[in-house]
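Observations on the three-dimensional arrangement
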Amino acid sequence: MSTNNEIEFKQLLSQTQYHKIDDTYFKEVEHFRQTNYYIDTPNFDLKAHKSALRIRVKSSFNEMTLKIPAKVGLMEYNFETFIEPEIDKVILPEELPSEITEQLDKMNVNTNALAILGSLTTERVEKEINGNLLVLDKSTYLDYEDFELEYEVTDYHQGLAHFKSLLKQFDIEHQTPDNKVQRFFNRKAELNEK
C-alpha cells in the first residue's frame, strides 16, 4: 500500500487551448493512455462523500485507489489489485483491501453494494516544471470527450502561484472544475435522464 496527500490544481480546457499548451510544453514528450474503472454503489454513496474508488489498468498491473477529501487536497490509498475490471462487475467486500474497507465503513458506504459503473480512458502527457508535475489530459467517457490541465504540487501556495501564471500565459481564467470521477458520474446521470 502507498498513501499520498495529493495537492493539485485543475482547469478544463477547450480543444484549441489543449492544443496550444500541448504544442508549447509537450512537443517532444510522448503521450500515453490509461483507463480508470469507477466503482460506487447504485445510490452513489462515494460520490455523495466527494470520494472516489477506481481501478486503473496499468501496463504491468492493476491499481485500486480510494480518494477521500483531506484538509488540503485529497488523501489517496493505493493498492495493487488482481481484480480484472469490467463494466457492471460486482466488487465483493473480501476483494477490497482492509484499509479501504475501513475508510468506506467510516463513511457508512455499503461494501456489499459496490460495482464498476463505467470507465474513462485518458490520453495523458506529463512533464516536470518548477519542481512540480504538469499534466495534460484528453479524456473519453460515455460518448463524451473533455480536455484538462492539471498541476500536481507539493506546496499549495507556491503551486497555486505557478498555476495561475501558467493560465495567464494562455489567457485562461481559472475555474476549478469537478474532478474526472465527478464529471463521469454527472454525465452518467445526464444520460440516465434522457
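The coordinates are above.
Residues numbered from 1 in each chain as written. Predicted model: local features only at pLDDT ≥ 70, side-chain atom pairs only at ≥ 80, totals over all residues. Heavy atoms only, no water.

**Re the sheet that holds strand E4 (residues 62-69)**
Two orientations exist for strands paired in a sheet by backbone hydrogen bonds: parallel and antiparallel. Threshold: In this analysis, strands are considered paired if DSSP registers two or more bridges between them. Where helices and strands are cited, they refer to DSSP runs of H or I of at least four residues and of E of at least two residues respectively, numbered from the N terminus. In this description, a line fitted to the C-alpha atoms serves as the axis of each element, helices being fitted only across the stretch in contact, and the angle between N-to-C directions of two axes falls anywhere from 0 to 180 degrees. Contacts between residues were defined by any pair of non-hydrogen atoms, one from each residue, lying within 4.5 Å.
With antiparallel pairing, the eight strands of this closed barrel are ordered in space as E1-E5-E4-E3-E2-E6-E7-E8. Direction aside, the axes of adjacent strands within the sheet are offset by 35° on average. Note: strand E2 (residues 32-40) against strand E3 (residues 52-57), five bridges, orientation antiparallel. Of the residues in E3, the one forming a bridge with Thr35 is Val57. Across the sheet, helix H3 (residues 98-106) touches E3, E4 and strand E5 (74-81), and the angle it forms with E4 is around 30°. Taken strand by strand, helix H5 (residues 180-193) contacts strand E1 (2-13), E2, E3, strand E6 (115-129), strand E7 (132-141) and strand E8 (144-153), and its axis lies near 140° from that of E6.

**Things to note about the side chain of Glu150**
Here is the rule: For every residue, the accessible area obtained with a 1.4 Å probe (protein chains only) is divided by the maximum for its type, and the residue is called buried under 20%, exposed over 50%, and partly exposed between those limits. Counted as a polar contact is a pair of N or O atoms within 3.5 Å, where, for protein atoms, one must be capable of donating a hydrogen and the other of accepting one, and residues adjacent in sequence contribute only when both atoms are in side chains.
For Glu150, the position within the fold is in strand E8. Residue class for Glu150 comes out buried when judged on its relative accessible area of 3%. A distance of 3.0 Å separates polar atoms of two side chains, one belonging to Glu150 and the other to Lys10. Contact partners of Glu150, with chain neighbours within four places excluded, come to Glu8, Phe9, Lys10, Arg124, Leu133, Leu134, Val135, Asp137 and Lys180.

**What to know about the packing of aromatic side chains**
Applied cut-off: Here a Phe, Tyr or Trp ring, Trp counted by its six-membered ring, pairs with any other such ring whose centre lies within 6.5 Å, and the pair is stacked when the planes are under 30 degrees apart, edge-to-face when over 60, and tilted otherwise.
One pass over the full model with this rule turns up eleven aromatic pairs. When the centroid spacing of 6.4 Å and the interplanar angle of 50° are considered together, the rings of Tyr141 and Phe184 count as tilted. Taken together, the residues span a long stretch of sequence, with Tyr141 in strand E7 and Phe184 in helix H5 at a distance of 43 residues. Of the two residues, Tyr141 and Phe184, neither departs from the other in class, the shared state being buried. Aromatic pair Phe184 and Phe185: ring centres 5.1 Å apart, planes at 80°, arrangement edge-to-face. Phe184 gets classed as buried once you look at its relative accessible area, which sits at 0%. Note on Phe185: relative accessible area 4%, which makes it buried. Through a chain of ring-to-ring contacts, three or more aromatic side chains come together here, namely Tyr38, Phe44, Tyr141, Tyr144, Phe184 and Phe185.

**A closer look at the environment of Val57**
Inspection of the secondary structure assignment puts Val57 in strand E3. Beyond its immediate chain neighbours, meaning those up to four positions away, Val57 contacts Thr35, Tyr37, Asn62 and Pro85.

**Re the environment of His49**
Turning to its location among the elements, His49 is positioned in the loop between helix H2 (45-48) and E3. Given a relative accessible area of 36%, His49 falls into the partly exposed group. Distance in space between the C-alpha atoms of His49 and Val109 is 9.4 Å, their sequence separation being 60 residues. The residues contacting His49, other than those within four sequence positions of it, are Pro69 and Met107.

Nothing here speaks to function; it is geometry throughout.
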